[in-house]
Amino acid sequence: MGGGVRDLLLGREPKDFDVATDAHPEDVRRVFRNCRLIGRRFRLAHVHFGREIIEVATFRGMHDASEEGKRESENGMLLRDNVYGTLEEDALRRDFTVNALYYNIEDFSVVDYAGGMKDLESGVLRLLGDPEQRYREDPVRMLRAARFAAKLGFSINPACERPLFELGDLLEGVPAARLFEEVLKLFLGGTAVHAFEKLRHYGLFGHLFPDTEDSLSHEEHDFPITFVTRGLQNTDTRVREDKPVTPAFLFAVLLWEPARLLARELEEQGKSKYDAMQQAGGEIISRQVARVSIPKRFSLQMREIWTLQHRLEQRGGKRSMRLLGHPRFRAAYDFLLLRAESGEVEQELADWWTQFQEAGEEGRGQMAATAGADGKKKRRRRRRRKKPAAE
Ligand code: ATP
Ligand code: MG
């Protein structure tokens, strides 16, 4: 059911399969020894097959899935959002018609209560029920609309599209931790650039990343927009090539513009480059986590990527050698490449680090000894200062 059936019918490889059944979780556990019941809000059965986990949910009723964060009562009584129902009721509380398709393993048929097949064939995303009401029930559905439109290349039915331009404010009521999960799905799923464009088109991006949105409108010579877009392009390419992508790098990309601009301001007030970046990074992240949370382990890595930028700009000497061994070197170097691509630092600097890594022990020693001695560093710095301020 859900995304698995949709993706199969579209000839795509589903990320996962979810199973829905009229059996209650306790019954599922009785049938499958290798089963664990999880979740307090929605009780689900996880059936383990080797390393695979199949999620088995009991059909639910009630046209309402907006109860995120609502506690279950201690005695385990089911609250409004967790009432068992029939297959049809279960279908009708799903978000989009194409997500409300079920594959019936008894007769291998597709069960379609909501007209999902037709929409799937014509490539349309359509919410079940009244669009505005469904977005109000759960504003995350707006992000899901943008995400599926980007991922599937579907259009959004006009009645479901219109409210997207108007209801972005509602995202401010969504718990920051849930938005973190959604942001990962939006930007680490291989279609980040499209998702970003959709979100900006509907005015939703600014509700997730207000400081970044501001920095984009401060745009000078197309510069900021190309940085974020290039970063997301790079992420999409990595996903396509099955290379690892980390939330830390993603958030470092998304928040770099505001962090960089703030750091520049602080530098102009007389702070050292290093202190300015530290302080700016801290401030931007703490403002951001009020909106979209970023777990500590990732925000620490982001800040390392950012502060290493300064150290990468000072090539030469023993420091360069030491930097290669830094656990965040690779990420910081990839980040430097993006900055060079978007014209923020000189390509030559990025090339130097590329060669430095490729050079053998001896070549590295030579590069380290000669860099910085020819006054490049100073010239570079002066040139950059000349860039017009963003304000
Ligand atoms: P993905 O390919 O990203 O996993 P998916 O459609 O499977 O896409 P999930 O978040 O895994 O998305 O959700 C599984 C199913 O649960 C959806 O297909 C949809 O039917 C239902 N669902 C998920 N989130 C919501 C929501 N906010 N409101 C209504 N139904 C939802
Ligand atoms: Mg899924």
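Asks: Is there a simple way to think about the side chain of D211 in this case?
Replies: Note that D211 resides in helix α11 (residues 210–217). According to the relative accessible area criterion, D211 is buried, its value standing at 15%. In this structure D211 touches P258, I284 and R287, once residues within four positions along its chain are discounted.

Asks: I would appreciate a short explanation of the nonpolar core in the present structure.
Replies: Here is a general trend for soluble globular proteins: nonpolar side chains tend to be buried in one another's company. The biggest cluster of nonpolar side chains holds 72 residues, and the ones touching the most others in it are F187, F251 and W306. Residue contributions to this core peak at 13 residues, all from helix α13 (residues 247–268). Excluding its chain neighbours within four sequence positions, the residues that come into contact with W306 are F251, A252, L255, W256, A259, M277, G281, I285 and F335. Within the second largest apolar cluster, 18 residues are counted, among which are L336, A350, F356 and A368.

Asks: Looking at this structure, how should I read the pattern of salt bridges?
Replies: Two side chains that carry opposite charge are able to pair once their charged atoms sit near each other. Considering all chains together, one arrives at 26 salt bridges under this definition. Measuring nitrogen to oxygen at the nearest pair gives 3.0 Å for the salt bridge that ties E132 to R136. On the criterion of helical spacing, the pair formed by E132 and R136 is a turn pair, its members being four residues apart in helix α5 (residues 131–137). For R136, a relative accessible area of 47% puts it in the partly exposed group. Between E313 and R339 there is a salt bridge whose closest N-O contact spans 3.0 Å. With E313 in helix α15 (residues 296–313) and R339 in helix α17 (residues 329–341), the pair connects residues that are 26 residues apart, well separated along the chain. The pair E313 / R339 is uniform in exposure class, with both members buried. Because the salt bridges share partners, they merge into one network encompassing E267, K273, E313, R339 and E344.

Asks: Where do I start with the site of ligand 1 in this structure?
Replies: Near ligand 1 you find 18 residues, and of these R6, D138, R141, R147 and K151 are the closest. At 3.2 Å, a backbone N or O of D95 approaches a nitrogen atom of ligand 1. For ligand 1, the accessible surface in isolation is 580 Å², of which the surrounding protein chains cover 86%. Contributions of two or more residues to the shell around ligand 1 are made by α1 (3–9), α6 (140–152) and α8 (176–187). Looking at the shell around ligand 1, its residues break down into one nonpolar, three polar and 14 charged.

Asks: Please explain helix α9 (residues 192–201) as it appears in this structure.
Replies: In an α-helix, one full turn covers 3.6 residues, which means residues spaced three or four apart are oriented alike. Turning to α9, its buried residues number three or more, namely A192, V193, A195, F196 and L199. Along the long axis of α9, the arc covered by the buried residues comes to 160°, so they all point the same way. Residue G203 follows α9 closely and has a positive phi angle near 70°.

Asks: Explanation requested: the pairing of strand β5 (residues 101–104) in the structure shown.
Replies: Sheet faces and side chains relate simply in a regular strand, where the side chains alternate between the two faces. Bridge analysis of β5 against strand β6 (residues 109–112) gives four bridges, and the strand direction is antiparallel. Bridging from a neighbouring strand, N104 pairs with S109 of β6.

Asks: Looking at this model, I keep getting lost on the sheet that holds strand β4 (residues 52–58). Mind explaining?
Replies: The strands making up a sheet are joined through hydrogen bonds of the backbone, oriented either antiparallel or parallel. The strand order across the open sheet formed by four strands is β1-β4-β3-β2, and the pairing between neighbours is mixed. The outermost strands of the open sheet, each flanked by one partner alone, are β1 (18–21) and β2 (35–38). If you compare each strand with its neighbour and ignore which way they point, the axes differ by 30° on average. Examined bridge by bridge, strand β3 (residues 44–49) and β4 share six bridges and lie antiparallel to one another. Each bridged residue has a counterpart across the sheet, and for H48 the counterpart in β4 is I53.

Definitions and limits used
- Residues numbered from 1 in each chain as written.
- Chains lettered and ligands numbered in written order.
- Predicted model: local features only at pLDDT ≥ 70, side-chain atom pairs only at ≥ 80, totals over all residues.
- Heavy atoms only, no water.
- Helix = DSSP H or I, 4+ residues; strand = E, 2+ residues; numbered from the N terminus.
- Buried < 20%, exposed > 50% of the residue type's maximum accessible area, 1.4 Å probe, protein only.
- Contact = heavy atoms within 4.5 Å.
- Core = buried A, V, L, I, M, F, W, Y, C linked by side-chain atoms within 4.5 Å.
- Salt bridge = Lys/Arg side-chain N within 4 Å of Asp/Glu carboxyl O.
- Near = heavy atom within 4 Å.
- Polar contact = N/O pair within 3.5 Å; in protein donor to acceptor, adjacent residues only side chain to side chain.
- Areas by Shrake-Rupley, 256 points an atom, 1.4 Å probe, with all protein chains shown as cover.
- Nonpolar A, V, L, I, M, F, W, Y, C, P; charged D, E, K, R; others polar.
- Arc of directions from axis to C-beta.
- Pairing = 2+ DSSP bridges.
- Axes fitted to C-alpha atoms, helices over the stretch in contact; angles between N-to-C directions.

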